[in-house]
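Here's the letter readout for the chains.
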Amino acid sequence: MTYEFPQPTPVIATLNVHASRFSDLERPDHLITSPAVPLDGYRDSFGNWCNRMVAPAGRFTLKTDTIVRDHGSGDTQKSDAQEIAVEKLPSDSLLFLLGSRYCETDRLSSIAWDLFGHVPPGWGRVQAVCDYVHDRITFGYEHARPTRTAVDVFEEQQGVCRDYAHLAIAFCRCLNIPTRYCNGYVSDIGLPLPHAPGDFAAWIEVYLGGRWHTFDPRNNSSRIGRILIAYGRDAADVPLTLTFGANTLTGFRVTTEEAPIIS
């Protein structure tokens, strides 16, 4: 990611692989800046790894690079996973039942129950939500807008991957299913060519059957090499970079590809 800053500017970057995948790293994915600046790392309230810095005036680049070992079998499917009654949910999951900046559960509750209340609870109900969102929304980078909320997505029927995630999150929370926003890498390994240019992706994790499960309303299919960077209530909690001043993003490149197996 390359920026132009008119003056020295504080920046927080959340670009390192999530702690849940640390043991899969072949080498550390250190954040590298050009020019080099001091970095102050910390964990946010969700446990994501963040780096604070002050970007100098002028051109400034952030980069990470690593190899991650992956089981190669795609997202785990557990079709018999059941919903857990609210009174029996673990306390640390309750935050992900609440409305948030981009997920207005108060405005979507009746719509969610009208659409999905008849679907048997559990994995199938969450999949029904993802099917609906996937089919309703038209994807396009030209539709990207940082202020679009789940209600906007529902009404406008267009957006990018974060918008798919926000609408699915809001619906699931309305149905009393804890759901959190995730971002990271999603590869095209195993998919036919041509592949679209790489990008950071957004998906959701849903609490069913006593653990968190991955669902992807944008792609609505299992993917090989899905690598989590961060999770939170919605995109407001986990921006890739948070800049405290004027700037222009002049370069952005994400590459996720299958590495050769070294025996």
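Parameters and conventions
- Residues numbered from 1 in each chain as written.
- Predicted model: local features only at pLDDT ≥ 70, side-chain atom pairs only at ≥ 80, totals over all residues.
- Heavy atoms only, no water.
- Pairing = 2+ DSSP bridges.
- Helix = DSSP H or I, 4+ residues; strand = E, 2+ residues; numbered from the N terminus.
- Axes fitted to C-alpha atoms, helices over the stretch in contact; angles between N-to-C directions.
- Contact = heavy atoms within 4.5 Å.
- Expected span 1.5 Å × (residues − 1).
- Parallel < 35°, antiparallel > 145°, perpendicular 65-115°, else oblique.
- Nonpolar A, V, L, I, M, F, W, Y, C, P; charged D, E, K, R; others polar.
- Buried < 20%, exposed > 50% of the residue type's maximum accessible area, 1.4 Å probe, protein only.
- Core = buried A, V, L, I, M, F, W, Y, C linked by side-chain atoms within 4.5 Å.
- Arc of directions from axis to C-beta.

S.K.: Explain the sheet that holds strand β12 (residues 227–232) to me, using residue names and the numbers behind them.
M.R.: In sheet architecture, strand pairing relies on hydrogen bonds along the backbone and comes in two forms, parallel and antiparallel. Read from one edge to the other, the open sheet built from four strands follows the order β11-β10-β9-β12, with strand pairing classed as antiparallel. The open sheet terminates on both sides in strands that have one partner only, identified here as β11 (211–215) and β12. Taken over all neighbouring pairs, the strand axes of this sheet differ in orientation by 35° on average, direction set aside. Relative to β11, strand β10 (residues 200–208) runs antiparallel, the two sharing five bridges. Considered in β11, the bridge of Tyr207 is made with Trp212. The strands touched by helix α2 (residues 123–136) within the sheet are β10 and β11, with β11 carrying the most contacts at an inclination of about 30°.

S.K.: How would you summarise α2 if you had to cite specific residues and measurements?
M.R.: Counted at 1.5 Å a residue, the expected span for α2 with its 14 residues is 20 Å, and the 20 Å between its end C-alpha atoms agrees. Against α1 (105–116), α4 (161–174), β10 and β11 lie the buried residues of α2.

S.K.: If you had to explain the packing of α1 against α2 to someone new, which residues and values would you point to?
M.R.: Across the interface, α1 lies against α2 with an axial gap of 11 Å and an inter-helix angle of 105°. Between α1 and α2, the interaxial angle falls into the category roughly perpendicular. Together, Trp113, Leu115 and Phe116 of α1 and Arg125, Ala128, Val129 and Tyr132 of α2 make up the contact between the two elements. Partitioned by chemical class, the residues of the contact of α1 with α2 number six nonpolar, no polar and one charged.

S.K.: A description of unusual backbone geometry should follow, citing residues and the corresponding values.
M.R.: With an omega of 0°, the peptide bond between Ser34 and Pro35 qualifies as cis. Here Pro35 lies in the loop between β3 (32–34) and β4 (40–43). If you check the backbone angles, Asn220 has positive phi at about 55° while not being a glycine. Mapped onto the fold, Asn220 is located in the loop between β11 and β12. When its relative accessible area of 25% is taken as the criterion, Asn220 is described as partly exposed.

S.K.: Can you explain the nonpolar core? Please cite residues and give values.
M.R.: Judged by nonpolar contacts, the single largest core of 59 residues is most densely connected at Leu108, Leu167 and Phe171. Considering every element that reaches this core, the biggest residue donor is α4, with 10 residues. When sequence neighbours within four positions are dropped, the list of residues in contact with Phe171 reads Leu108, Ile111, Ala112, Leu115, Phe116, Val129, Tyr132, Val133 and Phe154. In this structure, Leu89, Cys182, Ala201 and Tyr207 belong to the second largest nonpolar core, which totals 12 residues.

S.K.: Describe the sheet that holds strand β5 (residues 49–55), and please don't skip the residues or the numbers.
M.R.: The strand order across the open sheet built from four strands is β4-β5-β2-β13, with neighbouring strands paired in antiparallel fashion. On the outer flanks of this sheet lie β4 and β13 (241–243), each paired with one strand and no other. Shown here is a sheet whose adjacent strand axes are inclined to one another by a mean of 25°, direction ignored. Across four bridges, the pairing between β4 and β5 is antiparallel. The residue bridging Asp40 from the neighbouring strand is Arg52, located in β5.

S.K.: A description of α1 should follow, citing residues and the corresponding values.
M.R.: With 12 residues, α1 extends just 14 Å between its outermost C-alpha atoms, more than 12% less than the 16 Å of an ideal straight helix rising 1.5 Å per residue. If you check which residues of α1 are buried, you get Thr105, Leu108, Ala112 and Phe116. All buried residues of α1 fall inside an arc of 75° around its axis, so they share one side. Across from the buried face of α1, at angles greater than 90 degrees, the exposed residues are Asp106, Arg107, Ser110 and Asp114. In this fold, the buried residues of α1 make contact with α2, α3 (150–156) and α4.

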